[in-house]
Amino acid sequence: GGPNVEPEVVGASETKVGSAEEALLCLARGSLRRVTGATAMNAESSRSHAIMSVVIEQTKTTVHVNKTDMAEEAGGGGAGAQIEVEEKCSKFHFVDLAGSERQKRSQAEGKRLKE
């Protein structure tokens, strides 16, 4: 990759959804794929990071018609309505980092400690 190429995350996926319910379903599917391990503090401590990026796109169309245009159209000579299209895009990143319990409190050892 060159300087303008973003890194690829193996196993990541992109899904287009049409509702909050569909987005939550994607989140649940992703949660099931996370690696967990037990510590003294948490029976299912996450051993992997998770990132969910949400892009919300909104398009608003407004039709502007003034009264003189409507009168002229009734007579057959109107210029018509003005259509205004406004697009908004927002991006959110939700990040859940792997468990970061203190070793002393979690009593993690060996491989679990290295994680």
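Here is what the cut-offs are and how they apply
Residues numbered from 1 in each chain as written. Predicted model: local features only at pLDDT ≥ 70, side-chain atom pairs only at ≥ 80, totals over all residues. Heavy atoms only, no water. Helix = DSSP H or I, 4+ residues; strand = E, 2+ residues; numbered from the N terminus. Buried < 20%, exposed > 50% of the residue type's maximum accessible area, 1.4 Å probe, protein only. Contact = heavy atoms within 4.5 Å. Salt bridge = Lys/Arg side-chain N within 4 Å of Asp/Glu carboxyl O. pLDDT = per-residue confidence, 0-100. Phe/Tyr/Trp six-rings, centres within 6.5 Å; stacked < 30°, edge-to-face > 60°. Patch = residues over 30% accessible without salt bridge, like charges linked within 9 Å, V, L, I, M, F, W, Y side chains within 5 Å. Areas by Shrake-Rupley, 256 points an atom, 1.4 Å probe, with all protein chains shown as cover. Polar contact = N/O pair within 3.5 Å; in protein donor to acceptor, adjacent residues only side chain to side chain.

Broken down by element type, the protein chain carries four helices and four strands. Mapped in sequence order, the helices and strands of the protein chain form the string α-β-β-β-α-β-α-α. Counting every position in the protein chain, which comprises 115 residues, the buried fraction comes to 9%. Across the protein chain, the fraction of contacts at a sequence separation of at least 24, relative to all contacts at a separation of at least 6, is 60%.

A full pass over the atoms with the stated rule returns one salt bridge. The salt bridge involving E86 is made with K88; its shortest N-O contact spans 3.9 Å. Residue E86 is classed as partly exposed on the basis of its relative accessible area, which comes to 33%. Residue K88 is classed as partly exposed on the basis of its relative accessible area, which comes to 48%.

With 62% of its residues at a pLDDT of at least 70, the protein chain reaches an overall mean of 76. Here helix 3 (residues 103–106) stands out as the element of the protein chain with the lowest mean pLDDT, 56, in contrast to strand 4 (residues 82–96), whose mean of 93 is the highest.

Any aromatic ring pair is given by two values, namely how distant the centres are and how the planes are angled relative to each other. Under the defined criterion, the tally for this structure stands at one aromatic pair. Between the aromatic rings of F92 and F94, the centroid separation amounts to 6.4 Å while the plane-to-plane angle is 25°, which identifies the pairing as stacked. The class for F94 is partly exposed, based on a relative accessible area of 49%.

Before going further, it helps to spend a moment on a nonpolar patch on the surface. Residues V63, V65, I83 and V85 make up a contiguous nonpolar surface patch of roughly 370 Å² in combined accessible area. As for its position among the elements, V63 is in strand 3 (residues 50–64). Residue classification places V63 among the exposed positions, given a relative accessible area of 52%.

Moving on to the environment of E84. Within the secondary structure, E84 is located in strand 4. Distance from E84 to T61, taken between C-alpha atoms, is 5.7 Å for residues 23 residues apart in sequence. When near neighbours in sequence (up to four residues on either side) are disregarded, E84 contacts K60, T61, T62 and H64. Within the structure, the side chain of E84 is placed 2.9 Å from the side chain of H64, a separation counted as a polar contact.

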